[in-house]
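Working through the structure, step by step
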Amino acid sequence: MKSQLIPILGDQLSPDIASLRQADKAAAIILMCEVAEEATYVRHHKKKIAFIFSAMRHFANELRQAGWTVDYVALDDTENCGSLRGEVARAVERHGTIAVTITAPGEWRLLEDMQGWPCQPTILSDDRFLCSDSAFAAWAEGRKTLRMEYFYRDMRRATGLLMDGDQPEGGKWNFDHDNRKPARGEQHFPGVPRFAPDALTAEVLALVAERFADHFGDLEPFWFAATRADAQVALAHFIDHALARFGDFQDAMLLKEKFLSHAVLGLYINCGLLDALSVCRAVEAAYRKGHVPLNAAEGFIRQVIGWREYVRGIYWLKMPDYIANNALEATRPLPDFYWTGDTEMACVRACVVQTREEAYAHHIQRLMVTGNFALLAGVDPYAVHQWYLAVYADAYEWVELPNTLGMSQFADGGLLASKPYAASGAYIDRMSDYCKNCSFDVKAKNGAKACPFNYLYWDFLVRHEARLRRNPRMAQMYRTYDKLADDRKLAIAQDAKRFLSNL
Ligand code: FAD
Ligand code: DLZ
Ligand code: SF4
């Protein structure tokens, strides 16, 4: 007799997740369901939906092979009612189960919903993360600012990663100054391993093509890993071929190199196919064996045990109010070219087109191109958030929202970032080859042919002077603006007005 129902969500594909660890194989039924509500509460990229459904189906098989009883509701099952709440209720009726146990979801909206489910599930905290919600709250308590760097050091101490006794390996916590070189296309980048769809994935691709035809994004070619074994292959490929230069070219952008030395592992880590700490241990091992330099290993580990844990901590500390933040009172609708790529700005076009093709863009493309533009143009941060949540295969609200609303749009007023990530065209030109392919002139400051980032940058500073001038990290920029001639200031205002009114 089965007495426990364990729903496993699409981003809980970890065999040792809390709800499975406490369960008795003989007594438990695992419930997995593909539901329209999760695929459409934002209209996710087709590749993302296919990835999650395929990874779910493969995980169900993995569990069955390990001896679990799995009840799997596919999207096209005739009785599928389309919501997690409804499917759990149907399963309780089907199995006559007495207890429902679930690992806490990654998003506030779902946690709130679950707390009202009539089956009154037991909700276990998700201990796949290194820092629990309560540990983060304790760390944040009483601090004037919640800067990532100090949190990161605590995570290094707690995990022992890259530690030399109680000191950081190499004598420093952070080797960022060795990183961030521009790439000029002459370097060789290893690309990403591409996994041919198997029969299970092919079925999912047909389903997604039919049911989500009007969602953003190219479904094929589909090359993501959908199993734990293939995700391990992707990890090994990154460590063997890309990690050594991860730090060097972390901020570079090239039109013909979508991935450079990035890991492209976030989608696997976030849905549970890879375990974050094990990934970091593998990276550390490569450093200890002398295969990769310290700046690369430290840079990567900082992203995972630092930034990733930190943004999750902020999310659970500040939700549900966090999502409504709009410190800069930005109200412009998201321009259509975020969906079509139809813009003269070569940098924005490149990032949107790549996003449409791959459901992937790397951090600097997200932060300094599409994010920077939305910030400078004053786009409503909630609309920007919904775009990022929909279009990236690694996007779940707990990680996407603080990155978008806080880091990229400064909508939390500086909780996450000490200053806005606003930049003119010069930054994009320095870090990429986009400007060479642009009909705007990155060197021109004003006029119809001038790079819009150039005048929008100053216009942004002027619009938000009351808030930003007193920020010590912005003082130099305001001093530079103050010294501009009056006719230049007028041209900036006029160009920005013309450009924004035509958006
Ligand atoms: P790499 O650049 O190779 O980095 C390695 C790993 O470090 C990533 O896989 C990820 O696990 C972690 N990482 C790096 N930076 C961050 C960060 N800022 N926050 C959290 N983890 C980080 N990341 C997501 O996982 N999901 C999102 O929805 C997401 N939305 C973002 C939105 C905006 C506006 C910005 C600026 C950043 C966002 N990020 C998000 C962070 C980062 O851009 C992605 O984690 C990264 O690009 C994923 O690609 P990768 O696996 O090649 O990462
Ligand atoms: C993202 C996603 C999608 C597209 N579809 C499903 C699904 O059909 N069933 C499911 O259990 N989970 C899905 N997910 C992942 C959930 O949206 C995710 O668990 C929550 O957003 C919490 O992070
Ligand atoms: Fe982007 Fe300006 Fe460069 Fe064009 S010139 S690619 S708009 S930064």
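Parameters and conventions
- Residues numbered from 1 in each chain as written.
- Chains lettered and ligands numbered in written order.
- Predicted model: local features only at pLDDT ≥ 70, side-chain atom pairs only at ≥ 80, totals over all residues.
- Heavy atoms only, no water.
- Pairing = 2+ DSSP bridges.
- Helix = DSSP H or I, 4+ residues; strand = E, 2+ residues; numbered from the N terminus.
- Axes fitted to C-alpha atoms, helices over the stretch in contact; angles between N-to-C directions.
- Near = heavy atom within 4 Å.
- 1 Å grid on protein atoms, 1.4 Å probe; cavity = no way out; pocket = protein on both sides within 12 Å on 5 of 7 lines; lining within 4 Å.
- Sits in = over half its atoms within 2 Å of the grid points.
- Nonpolar A, V, L, I, M, F, W, Y, C, P; charged D, E, K, R; others polar.
- Points joined across faces, edges and corners; volume = space filled by probe spheres on them.
- Parallel < 35°, antiparallel > 145°, perpendicular 65-115°, else oblique.
- Contact = heavy atoms within 4.5 Å.
- Domains from an automatic or database assignment.
- Polar contact = N/O pair within 3.5 Å; in protein donor to acceptor, adjacent residues only side chain to side chain.
- Areas by Shrake-Rupley, 256 points an atom, 1.4 Å probe, with all protein chains shown as cover.

**Details of the sheet that holds strand β5 (residues 122-124)**
- The parallel open sheet is built from five strands, whose spatial order is β3-β2-β1-β4-β5. Because the sheet does not close on itself, it has two edges, and the strands there are β3 (69-73) and β5. Each neighbouring strand pair of the sheet contributes to a mean axis angle of 25°, computed without reference to strand direction.
- Here strand β1 (residues 4-7) runs beside strand β2 (residues 28-33); their pairing, made up of four bridges, is parallel.

**Concerning the site of ligand 3**
- Around ligand 3, a shell composed of Met345, Ala346, Cys347, Gly425, Ile428, Tyr434, Cys435, Cys438, Phe440, Val442, Cys451 and Phe453 is seen.
- Among the cavities detected, the one that contains ligand 3 is the second largest cavity.
- Put simply, the parts of the chain that give the shell around ligand 3 at least two residues each are α14 (346-358) and α18 (425-431).
- Residue composition of the shell around ligand 3, grouped by class: eleven nonpolar, one polar and no charged.

**A closer look at empty space enclosed by the protein**
- What the rule picks out here adds up to four cavities of 30 Å³ or more.
- Taken as a whole, the largest cavity spans an internal volume of roughly 330 Å³.
- As for the largest cavity, its lining consists of 22 residues, of which Gly10, Asp11, Glu38, Ile52 and Tyr396 are closest to the centre.
- Secondary structure elements with two or more residues in the lining of the largest cavity: α2 (36-40), α3 (46-65) and α5 (108-115).
- Of all the elements, α3 adds the most residues to the lining of the largest cavity, at five residues.
- Among the residues forming the lining of the largest cavity, the class breakdown is 13 nonpolar, three polar and six charged.
- Put simply, the second largest cavity is a space of about 90 Å³.
- Looking at the second largest cavity, it is lined by 13 residues, and the ones nearest its centre are Cys347, Cys435, Cys438, Cys451 and Phe453.
- Among the elements of the structure, α14, α18 and α19 (452-463) are those that each provide at least two residues to the lining of the second largest cavity.
- Looking at the lining of the second largest cavity residue by residue, the classes come out as twelve nonpolar, one polar and no charged.

**Re the packing of helix α6 (residues 133-140) against helix α12 (residues 294-318)**
- At a minimum axis distance of 9 Å, the contact between α6 and α12 shows a crossing angle of 90°. What the angle tells us is that α6 and α12 run roughly perpendicular. Where α6 abuts α12, its residues Asp133, Phe136, Ala137, Trp139 and Ala140 lie against Tyr310, Arg312, Gly313, Ile314, Trp316 and Leu317.
- A breakdown of the residues in the contact of α6 with α12 according to their chemical character gives eight nonpolar, one polar and two charged.

**A short note on the layout of surface pockets**
- Empty space within the second largest pocket amounts to approximately 420 Å³.
- In this structure, the second largest pocket is lined by 31 residues; those nearest its centre are Ser14, Arg128, Leu274, Asp275 and Ala276.
- Counting residues per element, the ones that place at least two in the lining of the second largest pocket are α9 (228-242), α10 (266-271), α11 (276-288) and α12.
- Here the element with the most residues in the lining of the second largest pocket is α11; it accounts for four residues.
- Residues belonging to the lining of the second largest pocket are distributed by class as follows: 14 nonpolar, seven polar and ten charged.
- When residues of the lining of the second largest pocket are assigned to domains, at least three map to each of domain 1 (4-124) and domain 2 (133-318).

**Some thoughts on the site of ligand 2**
- Every one of the 19 residues lining ligand 2 counts as a neighbour, but Asp11, Cys33, Val35, Glu38 and Glu107 are closest to it.
- Val35 has a polar backbone atom sitting 2.8 Å from an oxygen atom of ligand 2.
- A distance of 3.2 Å separates an oxygen atom of ligand 2 from a polar side-chain atom of Glu107.
- Look at ligand 2: alone it shows 490 Å² of surface, and the protein chains cover 100% of it.
- One can see that ligand 2 is located within the largest cavity.
- Put simply, the parts of the chain that give the shell around ligand 2 at least two residues each are α2, α3 and α5.
- The biggest single contributor to the shell around ligand 2 is α3, with three residues.

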